[in-house]
Amino acid sequence: MQSATTLIGRVQDLVKDGSFGPSFIVEKLNDGLAEVTIMTNPPDLMVSDAELSLSAGDKFVSMPEDFFGPRILRLYNQTDDIDCAISYRMVDFVHISRAVRGTSVLAGCLKGSKVHVAGIPVADTTLLVSYIRQPDIFASENDDGSLITFLPFRLGEQAIVTYAAWQIFDVIEDGIDGRKVNTEKAHAKFLDAVAKIMNHFGIEAKESQPETVRDVMGISGDSSASWSWQNSWGGGGL
């Protein structure tokens, strides 16, 4: 990506308002990098099979510090060779935990930066997790941009420049009567750039492991408390 100085200049050319300095604009560019990451899941930010270590008796483990989220792409119990089911609602996880009557970790529930596990290990266990990491951002207004390589050439720059312009126009036009014409125009250009990035990455970039949800209505079979792990959850992953 081009340098922060170059992109700051492009933003200033768009907004034509000298009251917004370089340090303010670079923060908006960084906000744009985070926003685009959330919306597009850049493949180059995927971390594959990072190790999580559980000691005997552990009920949860923290995700790596660079975890961006919001979901886990895969959770694998390397110690016992099990693809773990993943849930995100604690109410579903409680049902899973009650069904698991063993010492192997068979499932996990992501809450914030912690993975709660179903199946409490009696020995040290290694889980492998795949996820989207935090995006690289500009360290300062003098950053040369060489580390920010996870977005498509030029499209990524267009997206964060228009994002910064959108945010600044929103400040400039705050309180005016009628439509915020420049704000709306910059926002539309930002969304257009993001759509092009998503098209460039393809639908696969938005993939995530299906969430495991219990069939509480009994549509697929018995919904009673005696349901088994194998019949209701497929033995550890969908």
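Fair warning: this is a prediction, and the values are worked out from it, not measured in the lab. (Residues numbered from 1 in each chain as written. Predicted model: local features only at pLDDT ≥ 70, side-chain atom pairs only at ≥ 80, totals over all residues. Heavy atoms only, no water.)

Trainee: Could you give an account of the sheet that holds strand E8 (residues 125–133), naming the residues involved and the relevant values?
Mentor: The strands that make up a sheet are held in pairs by hydrogen bonds between backbone atoms, and each pair lies either parallel or antiparallel. Across the sheet, which stays open at both edges, the four strands sit in the order E1-E8-E3-E4 with antiparallel pairing between neighbours. Whereas interior strands pair on both sides, the edge strands pair on one side only; in this sheet they are strand E1 (46–54) and strand E4 (82–83). Note: E1 against E8, seven bridges, orientation antiparallel. Bridging across to E8, alanine 50 finds its partner in valine 129. (Pairing = 2+ DSSP bridges. Helix = DSSP H or I, 4+ residues; strand = E, 2+ residues; numbered from the N terminus.)

Trainee: Please provide a residue-by-residue account of the packing of helix H2 (residues 22–40) against helix H4 (residues 155–172), values included.
Mentor: A pair of packed helices is captured by two measures, namely the crossing angle of their axes and the spacing between those axes. In the contact formed by H2 and H4, the axes pass within 8 Å of each other and the chain directions differ by 120°. Relative to H4, the element H2 is oriented oblique. Crossing geometry of H2 relative to H4 is assigned as right-handed. Packed against H2, whose contacting residues are Phe24, Ile25, Lys28, Leu29, Asp31, Gly32, Leu33, Glu35 and Val36, the element H4 presents Ala159, Ile160, Val161, Tyr163, Ala164, Gln167 and Ile168 at the interface. (Axes fitted to C-alpha atoms, helices over the stretch in contact; angles between N-to-C directions. Parallel < 35°, antiparallel > 145°, perpendicular 65-115°, else oblique. Left-handed = near helix turned anticlockwise from the far one by under 90°. Contact = heavy atoms within 4.5 Å.)

Trainee: How would you sum up the nonpolar core? Please name residues and give values.
Mentor: In this structure, Val11, Ile25, Leu29, Leu33, Val36, Phe138 and Ile160 are the most contacted members of the largest nonpolar core, which totals 35 residues. Taken together, the elements giving at least two residues each to this core come down to helix H1 (4–15), H2, H4 and helix H5 (181–201). If we skip the residues at most four places from it in the chain, valine 36 touches Asn41, Leu151, Ala159, Ile160, Phe190, Val194 and Ile197. If you look at the next biggest cluster of nonpolar residues, it comprises 19 residues, including Val47, Met63, Phe67 and Leu127. (Core = buried A, V, L, I, M, F, W, Y, C linked by side-chain atoms within 4.5 Å. Buried < 20%, exposed > 50% of the residue type's maximum accessible area, 1.4 Å probe, protein only.)

Trainee: Which residues make up the environment of valine 15, and what are the values?
Mentor: Assignment of secondary structure puts valine 15 in helix H1. Overall, the relative accessible area of 7% leaves valine 15 in the buried class. Taking the C-alpha atoms as reference points, valine 15 and tryptophan 166, separated by 151 residues in sequence, lie 8.9 Å from one another. In this structure valine 15 touches Ala165, Ile168 and Phe169, once residues within four positions along its chain are discounted.

Trainee: Explain the packing of H1 against H2 to me, and be specific about the residues and the numbers.
Mentor: Taken N-terminus to C-terminus, the directions of H1 and H2 make an angle of 95°; their axes are 10 Å apart at the nearest point. In terms of their interaxial angle, H1 and H2 are classed as roughly perpendicular. On the side of H1, the interface is formed by Ala4, Leu7, Ile8, Val11 and Gln12, while H2 contributes Pro22, Ile25, Val26 and Leu29. For the contact of H1 with H2, the per-class residue count stands at eight nonpolar, one polar and no charged. (Nonpolar A, V, L, I, M, F, W, Y, C, P; charged D, E, K, R; others polar.)

Trainee: Run through H4, naming residues and quoting values.
Mentor: Compared with the 26 Å implied by 1.5 Å per residue over 18 residues, the 26 Å span of H4 between its first and last C-alpha is a close match. Counting buried positions over the 18 residues of H4 gives 14, a clear majority of the element. (Expected span 1.5 Å × (residues − 1).)

Trainee: Could you give me a rundown of unusual backbone geometry, with the residues and numbers involved?
Mentor: The omega angle of the peptide bond from glycine 69 to proline 70 is 0°, so this bond is cis rather than trans. By the secondary structure assignment, proline 70 is in strand E3 (residues 67–77). Of note in this structure, lysine 16 is not a glycine but carries a positive phi near 50°. Tracing the backbone through its elements, the reader meets lysine 16 in the loop between H1 and H2. At asparagine 41, a residue that is not glycine, the phi angle is positive and equals roughly 50°. Tracing the chain through its elements places asparagine 41 in the loop between H2 and E1.

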